[in-house]
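As a plain string of letters, each chain reads:
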Amino acid sequence: MSELRVASRYAKSLLDLAEEQGTLEQVKDDMDLFNKTLTENRDLRLLLRNPIVKHDKKLAILRAVFGGKVSNLTEKFFTIVTQKNRESALEYIGAEFLTQYNSLRGVQLAEVTTAMPLTPALRMELESLVRQQTGLQQVTLTEKVDASLIGGFVLRVGDRLLDDSVSFRLRKLRTEFSKNPYQSQL
């Protein structure tokens, strides 16, 4: 079974259990911490994927890193996942949990990249554009600045990408000119 399918099932189980026990917000914070730690620590990611390291060692490391910082439910979840020999899927489980949580709460994540920082008016306009596209009322907009865009913006909503940047238009124009339809065919 693929890691993503496994991650989806485990994340759904954790989400349902946390919601049932009324600790959903705490578990969400735990998964935020877990994802942040995995993102910042390549060695931990590699350790969880390593088939040579025994499962009890991986669990001991997870407990040492996250013990006291996460809820009891999350610690038990780590224990179950390692007992089932699925700790290589933990990084996918964390990301999938947050995706399913946002879906449950009706939150749409979007990422915008611009050449300069956004003004509040432009930020509101982009959020309303995302609301129109998705139909969800709550939008979380992540902003990045990339001067190589020259101008315009790149908006990523889920698996859709809207590239309205000057650099994209210049590349498109360069490709069009490279075809050179006005050159006589010999």
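About the criteria used
Residues numbered from 1 in each chain as written. Predicted model: local features only at pLDDT ≥ 70, side-chain atom pairs only at ≥ 80, totals over all residues. Heavy atoms only, no water. UniProt positions renumbered as here; feature names shortened; annotations may be inferred. Pairing = 2+ DSSP bridges. Helix = DSSP H or I, 4+ residues; strand = E, 2+ residues; numbered from the N terminus. Axes fitted to C-alpha atoms, helices over the stretch in contact; angles between N-to-C directions. Core = buried A, V, L, I, M, F, W, Y, C linked by side-chain atoms within 4.5 Å. Buried < 20%, exposed > 50% of the residue type's maximum accessible area, 1.4 Å probe, protein only. Contact = heavy atoms within 4.5 Å. Salt bridge = Lys/Arg side-chain N within 4 Å of Asp/Glu carboxyl O. Parallel < 35°, antiparallel > 145°, perpendicular 65-115°, else oblique. Left-handed = near helix turned anticlockwise from the far one by under 90°. Nonpolar A, V, L, I, M, F, W, Y, C, P; charged D, E, K, R; others polar. Phe/Tyr/Trp six-rings, centres within 6.5 Å; stacked < 30°, edge-to-face > 60°.

If you look the chain up in an unreviewed UniProt entry, it shows as ATP synthase subunit delta from Hymenobacter canadensis. Regarding the chain, the relevant UniProt record gives this comment under Sequence similarities (unreviewed entry): "Belongs to the ATPase delta chain family."

Novice: I tried to follow the sheet that holds strand E3 (residues 152-157) on my own but got confused; where do I start?
Specialist: Within a sheet, neighbouring strands are paired by backbone hydrogen bonds and run either parallel or antiparallel to one another. Judged by pairing direction, the sheet is mixed, and its four strands sit side by side in the order E2-E1-E3-E4 without closing on themselves. A strand with exactly one partner marks an edge of an open sheet, and here the two such strands are strand E2 (138-145) and strand E4 (160-165). Put simply, the sheet's adjacent strands are angled 15° from each other on average, direction ignored. Where strand E1 (residues 107-114) and E2 come together, eight bridges link them in parallel fashion.

Novice: Just checking my understanding: could you explain the nonpolar core for this structure?
Specialist: Across soluble globular proteins, nonpolar side chains show a tendency to be buried alongside one another. The biggest cluster of nonpolar side chains holds 28 residues, and the ones touching the most others in it are Phe 34, Phe 77, Phe 78, Leu 90, Ile 93 and Phe 97. Of all the secondary structure elements, the ones that give two or more residues to this core are helix H1 (3-21), helix H2 (24-40), helix H3 (42-49), helix H4 (55-66), helix H5 (72-83) and helix H6 (90-105). No other element matches the seven residues that H1 contributes to this core. Not counting the four nearest positions on each side in its chain, Phe 78 is found in contact with Met 31, Phe 34, Leu 59, Leu 62, Phe 66 and Leu 90. In this structure, Ala 110, Leu 118, Leu 141 and Leu 155 belong to the second largest nonpolar core, which totals ten residues.

Novice: Explain the pattern of salt bridges to me, please; I cannot follow it from the model alone.
Specialist: Side chains that differ in charge, positive against negative, can pair when their charged atoms come close. Following the criterion strictly, the structure yields eleven salt bridges and no others. Taking the shortest distance from any N to any O, the salt bridge between Lys 144 and Glu 111 comes out at 3.4 Å. A residue pair is termed long-range when its members are at least 10 positions apart, and Lys 144 in strand E2 and Glu 111 in strand E1 qualify at 33 residues. Taking the relative accessible area as the measure of exposure, Lys 144 reaches 42% and is therefore partly exposed. A salt bridge links Arg 123 to Glu 143, with the shortest nitrogen-to-oxygen separation between them at 2.4 Å. Taken together, the residues Arg 123 in helix H7 (residues 120-134) and Glu 143 in strand E2 connect sequence positions 20 residues apart. What makes Arg 123 partly exposed here is its relative accessible area of 26%. Assessed through its relative accessible area of 34%, Glu 143 is described here as partly exposed.

Novice: Could you clarify how one ought to interpret the packing of H1 against H5 in this entry?
Specialist: Relative orientation and spacing of two packed helices are given, respectively, by the angle between their axes and the distance between those axes. The interhelical angle for the contact between H1 and H5, taken along N-to-C directions, is 150°, at an axis separation of 11 Å. Of the possible angle classes, the one that applies to H1 and H5 is roughly antiparallel. For the crossing formed where H1 meets H5, the hand is right-handed. Counted together, Tyr 10, Leu 14, Leu 17, Ala 18 and Gln 21 of H1 and Leu 73, Phe 77 and Val 81 of H5 form the full contact between these two elements. Tallied by class, residues from the contact of H1 with H5 come to seven nonpolar, one polar and no charged.

Novice: I'm lost on the packing of aromatic side chains in this one. Help?
Specialist: A full pass over the atoms with the stated rule returns four aromatic pairs. Between the aromatic rings of Tyr 10 and Phe 77, the centroid separation amounts to 6.2 Å while the plane-to-plane angle is 70°, which identifies the pairing as edge-to-face. Here Tyr 10 is found in helix H1, whereas its partner Phe 77 is found in helix H5, with 67 residues between them in sequence. You'll find Tyr 10 and Phe 77 in the same group, each marked buried. With a centroid separation of 5.2 Å and 40° between ring planes, the pair formed by Phe 34 and Phe 78 is classed as tilted.

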